[in-house]
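# Chain and residue survey
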Amino acid sequence: MSLKTAQEYIDSLRTRKLNLYMFGEKVDNYVDNPIIRPSINAMAMTYKLAEEPEYEDLMTVTSSLTGEKINRFTHLHQSTTDLMNKVKMQRLLGQKTGCCFQRCVGMDAFNAVFSTTFEIDAKYGTNYHERFTKYLIYVQQNDLVVDGCMTDARGDRSKSPGQQPDPDAYLRVVERREDGIVVRGCKLHQTGMVNSHEILVMPNNSMKNDEKDWAVCFAVPTETPGIIYVYGRQSSDTRKLEANKIDTGNINFGGQEIMTIFDDVFVPWERVFMNGETDFSTMLVERFAGYHRQSYGGCKVGTGDTLIGAAKAITDYNGVYKASHVKDKIVEMCHLNETLYACGIACSAEGRKTQSGNYMIDLLLANICKQNVTRFPYEIARIAQDLAGGLLVTLPSAEDFDHPEIGPLVKKYTQAAGDNTSEKRQRLLRLIENITMGCGAVAYLTESMHGAGSPQAQRIMISRLVDLEHKKELAEKICGIQENSDINWK
Ligand SMILES: Cc1cc2nc3c(=O)[nH]c(=O)nc-3n(C[C@H](O)[C@H](O)[C@H](O)COP(=O)(O)OP(=O)(O)OC[C@H]3O[C@@H](n4cnc5c(N)ncnc54)[C@H](O)[C@@H]3O)c2cc1C
């Protein structure tokens, strides 16, 4: 068994029988569906780049479990260099696709589940870690995509899982059998779910002692009976159905989020990695969220690179790039984007070994990274819209550009600086539209806000992790409230 090619990955999806719905209808051949295909193309890029010698060091790595060459997306990070390479890989993929390429959640879940199961076993004498390690070897050897599945429906946010009027608001165990468990619930917003071979489910919250049924972690193939997938709509998604693809902005690539309903799904014991250990659900959630908050310092930066490039290009075609305020705005976009990257690299460089042996990012810095991600892409998008001009939202359709009678006139009046700028402007404006308010904005903006936890979730972590008493002591020593024992000279 070896690394899959991009073609082998796409072919591996064709044989899968999924209970998938979109626009109120069952979808059978989802691989060739024009709404879905761009998201499969984006995922395929994680395989394609691993085939290329130029990116071998970034995209592939030696497995710590088998010694074989594997895709980095299935890797357990073995050093701070691995953590930094993860961020660099994500930036590269954001640059190549201009959208969410969907494979990060699984990678972040592997690393969180690996270290958490080790610590559960150390406390309770369970064998979750061995089960999970076997599972991960299977994933690595078959170069699979695994959906990292955390966010529950959650009903009333002010109530914990056990207090919800509908106990299924959080996914839970409804039956424990000799051969396994049966689970029920719904995981919302699942990125790349139907492009995945497997699902790795984790609890969404801290759990109280009596909430054992909700403290569950397991893996199942996406084809497992009882799972229903409902495709999430994205803004302007039906443009993908049009013959002329220019109005999609991102011609080949896109993201995907799926409502995933577990309607009494059986999970065999060898695929169960947590079963009622409520005191470890916080650890698992925080570790997964920490890795995922690091991820955004890579993937969003890569998409940011494409948006900055589009902004630069449109100012060239509009003939305004030489204006000092235009250059300065592009510098500001770069400053914000590189700050996010710096945060992603910093939380990686400050990473530490876990008890299980894999490496964990610095949690405080990862939360700072994600907190900035909830803001800076919005500012970068605002500047891109400033520089693009009003045609961004008033441009006629691609069909009007192609029309035998009005087409030449539409082209004449959308020329800017120099000849042949009409179609270039059309394409760039559509790309900026895609990333700042169309399909791409789902990942570049709203996912930057809520993915891996809404802004307040990071602020709670920051307040927990920052040592304010230490900072107070520093100040009190400097101004003489406390004796400064550092000074031992006369
Ligand atoms: C594009 C996208 C992709 C995603 N991909 C995945 C994925 O692949 N896997 C996955 O598991 N999840 C995924 N998510 C889910 C993401 O982690 C959640 O959206 C996030 O955790 C926020 O949860 P929520 O959407 O339920 O918002 P809410 O929790 O409802 O938050 C909305 C607002 O309410 C506030 N709030 C929430 N609870 C409380 C409370 N108790 N008291 C006071 N205020 C509160 C929040 O601070 C926020 O301001 C994705 C989300 C998006 C948008």
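Before reading on, note that the structure itself is shown above.
Thresholds, definitions, all that
Counting of residues starts from 1 at the beginning of each chain's written sequence and follows it residue by residue. Local features are withheld for residues below a pLDDT of 70 in this predicted model, meaning they are given only at 70 or higher, and side-chain atom pairs are given and counted only at 80 or more; totals for whole chains, interfaces and linings count all residues. Only heavy atoms go into the side-chain values, all of them from the structure, while hydrogens and water stay out. Between any two strands, at least two bridges found by DSSP are needed for them to pair. Segments assigned H or I by DSSP are reported as helices when at least four residues long, segments assigned E as strands when at least two residues long, and all are numbered from the N terminus. Between N-to-C directions, angles span 0 to 180 degrees; the directions come from axes that are lines fitted to C-alpha atoms, helices contributing only their stretch in contact. Residue exposure (1.4 Å probe, protein chains only): buried if accessible area is under 20% of the type maximum, exposed if over 50%, otherwise partly exposed. In what follows, a contact means two residues having at least one pair of non-hydrogen atoms within 4.5 Å. Throughout, near means a residue has at least one heavy atom within 4 Å of the molecule or strand. What qualifies as a polar contact is a pair of N or O atoms within 3.5 Å, subject to a donor-acceptor requirement within protein and to the restriction that residues adjacent in sequence count only when both atoms come from side chains. Calculation of accessible area relied on Shrake-Rupley with a 1.4 Å probe; when residues are assessed, cover is drawn exclusively from the protein chains displayed. Only Asp, Glu, Lys and Arg are considered charged in this grouping, and only Ala, Val, Leu, Ile, Met, Phe, Trp, Tyr, Cys and Pro are considered nonpolar; every other residue, Gly among them, is considered polar. Paired rings are identified among Phe, Tyr and Trp, the last through its six-membered ring, by centres lying within 6.5 Å, and are further divided according to the angle between planes into stacked (under 30 degrees), edge-to-face (over 60) and tilted (the rest). Two thresholds decide whether a charge sits over a ring: the Lys NZ or Arg CZ must be within 6 Å of the ring centre and within 35 degrees of the ring normal. Expected span of a helix: the number of residues minus one, times 1.5 Å. Think of it this way: the bend at a residue is just the angle between two axes, each fitted to seven residues, one set ending at that residue and the other starting at it. Counted as salt bridges are all cases of a side-chain nitrogen of Lys or Arg within 4 Å of a carboxyl oxygen of Asp or Glu.

Taken in spatial order, the four strands make up an open sheet running E5-E8-E9-E12, and their pairing is mixed. With partners counted over all chains shown, the strands left at the sheet margins are strand E5 (146-149) and strand E12 (272-275), one partner each. Across the sheet, the mean angle separating the axes of adjacent strands is 20° when strand polarity is ignored. Examined bridge by bridge, E5 and strand E8 (residues 198-201) share four bridges and lie parallel to one another. Paired with Cys149 across the two strands is Val201, which belongs to E8.

With respect to the element layout, Gly185 can be found in strand E7 (residues 180-191). Residue class for Gly185 comes out buried when judged on its relative accessible area of 7%. Residue contacts for Gly185: discarding those within four places in its chain leaves Asp168, Leu171, Thr260, Ile261 and Phe262.

Moving on, we come to the site of the ligand. Of all residues adjacent to the ligand, which total 18 residues, the nearest are Met150, Thr151, Arg154, Arg157 and Thr191. Side-chain polar atom of Gln190 to a nitrogen atom of the ligand: 3.2 Å apart, as the coordinates give it. For the ligand, the protein covers 67% of the area, taking 970 Å² as the surface of the free molecule. At the level of secondary structure, the elements contributing two or more residues to the shell around the ligand comprise E5, E7 and helix H15 (439-450). Of the residues in the shell around the ligand, the class split is five nonpolar, nine polar and four charged.

One pass over the structure, following the stated rule, counts seven aromatic pairs. Taking the centre distance of 6.2 Å and the plane angle of 85° together, the rings of Phe218 and Phe262 count as edge-to-face. Within this pair, whereas Phe218 is found in strand E9 (residues 216-221), its partner Phe262 is found in strand E11 (residues 257-268), the two being separated by 44 residues in sequence. The two residues Phe218 and Phe262 agree in class, both being buried. A connected cluster of aromatic rings, assembled from ring pairs, spans Phe132, Tyr135 and Phe273. Positioned over the ring face of Tyr296 is Lys300, at 4.8 Å from the centre of the ring. Over the ring of Tyr321 we find Lys312; its NZ or CZ atom is 4.1 Å from the centre of that ring.

Here we take up unusual backbone geometry. One non-glycine residue with positive phi stands out, namely Gln102, at about 70°. The residue Gln102 is located in the loop between helix H4 (80-97) and helix H5 (104-124) in this model. With relative accessibility at 3%, the residue Gln102 sits in the buried group. At Asp143, a position not held by glycine, the phi torsion is positive, near 50°.

This paragraph deals with helix H7 (residues 281-318). Between its first and last C-alpha atoms H7 spans 53 Å; for 38 residues at 1.5 Å apiece the expected length is 56 Å, and the two agree. At Ser295, H7 shows its largest kink, close to 30°. Two residues or fewer after H7 comes Gly319, characterised by a positive phi angle close to 75°.

Let us look at the pattern of salt bridges. Counting across every chain of the model gives 35 salt bridges. Measuring nitrogen to oxygen at the nearest pair gives 2.8 Å for the salt bridge that ties Asp316 to Lys312. Of the two residues, Asp316 and Lys312 both sit in helix H7, four residues apart, roughly one turn of that helix. We note a salt bridge from Lys477 to Glu473, for which the minimum N-O separation is 3.1 Å. Linking Lys477 with Glu473, this pair stays in helix H17 (residues 468-478), spanning four residues, or about one helical turn. Judged by its relative accessible area of 32%, Glu473 falls in the partly exposed class. Via salt bridges that share partners, Asp11, Arg14, Asp32 and Arg37 belong to a single interconnected network.

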